[in-house]
Amino acid sequence: MSAVTSVNLAVVRTGEWTGRIGKSGIDKRPAGGPVRFTDTGVEGDSVCDTKHHGAWYQAAYAFDAEELAFWSAELGAELVPGNAGENLTLSGADSTSALIGERWAIGDAVLRVTGPRQPCRVFAGFWDLPGLVKRFTAHGRTGVYLAVEQPGEISAGDEIRVLSRPDHGVEVAEFFALTMRGRSDLAEHVAGCLPDLPEKWRTTAAAKIESARVTT
């Protein structure tokens with residue numbers, strides 16, 4: 001069964017690693033009870049860099065407990081729920097294999113998968129790992145951003161129920177592989193998910209697809 005291991009909220013941190021903003025909400029800690037998810041974000045959470053985070057299609061971020069275990073082994077240090085900056089730590093979900101536009105019911109909320117997380121220097125600084133952006137990108141298991149279609153409360157232990165999956169069959173990992181890892185062989189396949197992408201990411205993907213068509 002796919003389920004929520006924990007729901008996590010930000011503790012705002014400062015330091016040189018936080019970059020131009022000077023503070024970050026990437027450090028998230030498990031909440032003590034139910035948390036309400038809304039179309040504008042997660043109640044009680046903090047988004048500091050609103051230029052790159054906090055859009056409606058980034059209302060929440062989910063990451064797999066299994067990936068935390070993978071990176072714990074890679075780093076030789078234990079990562080715990082919230083350490084990837086995720087609002088939802090999931091178990092048994094394989095979230096990066098979800099389809100763009102896939103809809104989930106968790107608690108009494110309905111969430112829609114919008115796309116992958118892109119690693120950044122703040123993430124690398126939080127983990128104190130200078131090469132993380134390159135390594136995380138190469139690994140390709142990014143977790144997923146989520147839009148909130150139906151606001152509601154989510155708690156640790158809630159089951160994840162898949163309500164619908166688009167016919168295009170494009171996984172978050174495949175979209176990431178085209179846009180961030182140069183997998184132009186996936187261009188025509190990924191083109192099928194363009195209508196399900198937020199406009200900003202649709203524009204980026206369309207440019208990658210057109211470039212692949214021109215060079216093949």
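You'll find the structure just up there.
The structure presented is a predicted model; accordingly, all values stated were derived computationally and were not measured.

A. Quick peek at the pattern of salt bridges. On inspection of all chains with the given rule, the structure shows 11 salt bridges. Across the salt bridge formed by Arg135 and Glu74, the nearest N and O atoms sit 3.0 Å from each other. Of this pair, Arg135 sits in helix 3 (residues 132-139) while Glu74 sits in helix 1 (residues 65-75), and the two are 61 residues apart along the sequence. Residue Arg183 is joined to Asp185 by a salt bridge in which the shortest nitrogen-to-oxygen separation is 2.8 Å.

B. How the structure looks around the packing of aromatic side chains. Scanning all chains against the criterion turns up 12 aromatic pairs. With 6.3 Å between their ring centres and 25° between their planes, Phe63 and Phe136 make a pair best called stacked. One end of the pair, Phe63, is in strand 7 (residues 60-64); the other, Phe136, is in helix 3, with 73 residues separating them in the sequence. On the basis of relative accessible area, Phe136 is assigned to the buried category, the value being 0%. The ring of Phe123 has Arg117 lying over it, and the distance from NZ or CZ to the ring centre is 3.8 Å. Note that Arg117 overlies the ring of Phe136, its terminal NZ or CZ placed 5.8 Å from the centroid.

C. Region of interest: the sheet that holds strand 7. Spatial strand order, 4-1-8-7-11-10-9-13: 8 strands in an open sheet with mixed pairing. One side of each edge strand has no neighbouring strand; the edge strands of this open sheet are strand 4 (28-30) and strand 13 (160-164). For this sheet the average axis-to-axis angle between neighbouring strands, irrespective of direction, equals 35°. Sheet analysis places strand 7 next to strand 8 (residues 88-91), joined by 3 bridges and oriented parallel. Bridging across to strand 8, Ala62 finds its partner in Leu88. Sitting on the sheet, helix 1 is in contact with strand 1 (3-10), strand 7 and strand 8, with an inclination near 60° to strand 7. Along the sheet, helix 4 (residues 172-181) makes contact with strand 10 (109-116) and strand 11 (144-150), crossing strand 10 at roughly 30°.

D. The nonpolar core, seen in detail. Phe37, Leu88, Trp104, Trp127, Leu146 and Ile154 are the most contacted members of the largest nonpolar core, which has 55 residues in total. Residue contacts for Phe37: discarding those within four places in its chain leaves Val7, Val42, Ala60, Asn87, Leu88, Val148, Pro151, Gly152 and Ile154.

Definitions and cut-offs
- Residues numbered from 1 in each chain as written.
- Predicted model: local features only at pLDDT ≥ 70, side-chain atom pairs only at ≥ 80, totals over all residues.
- Heavy atoms only, no water.
- Salt bridge = Lys/Arg side-chain N within 4 Å of Asp/Glu carboxyl O.
- Helix = DSSP H or I, 4+ residues; strand = E, 2+ residues; numbered from the N terminus.
- Phe/Tyr/Trp six-rings, centres within 6.5 Å; stacked < 30°, edge-to-face > 60°.
- Buried < 20%, exposed > 50% of the residue type's maximum accessible area, 1.4 Å probe, protein only.
- Lys NZ or Arg CZ within 6 Å of the ring centre and 35° of its normal.
- Pairing = 2+ DSSP bridges.
- Axes fitted to C-alpha atoms, helices over the stretch in contact; angles between N-to-C directions.
- Contact = heavy atoms within 4.5 Å.
- Core = buried A, V, L, I, M, F, W, Y, C linked by side-chain atoms within 4.5 Å.

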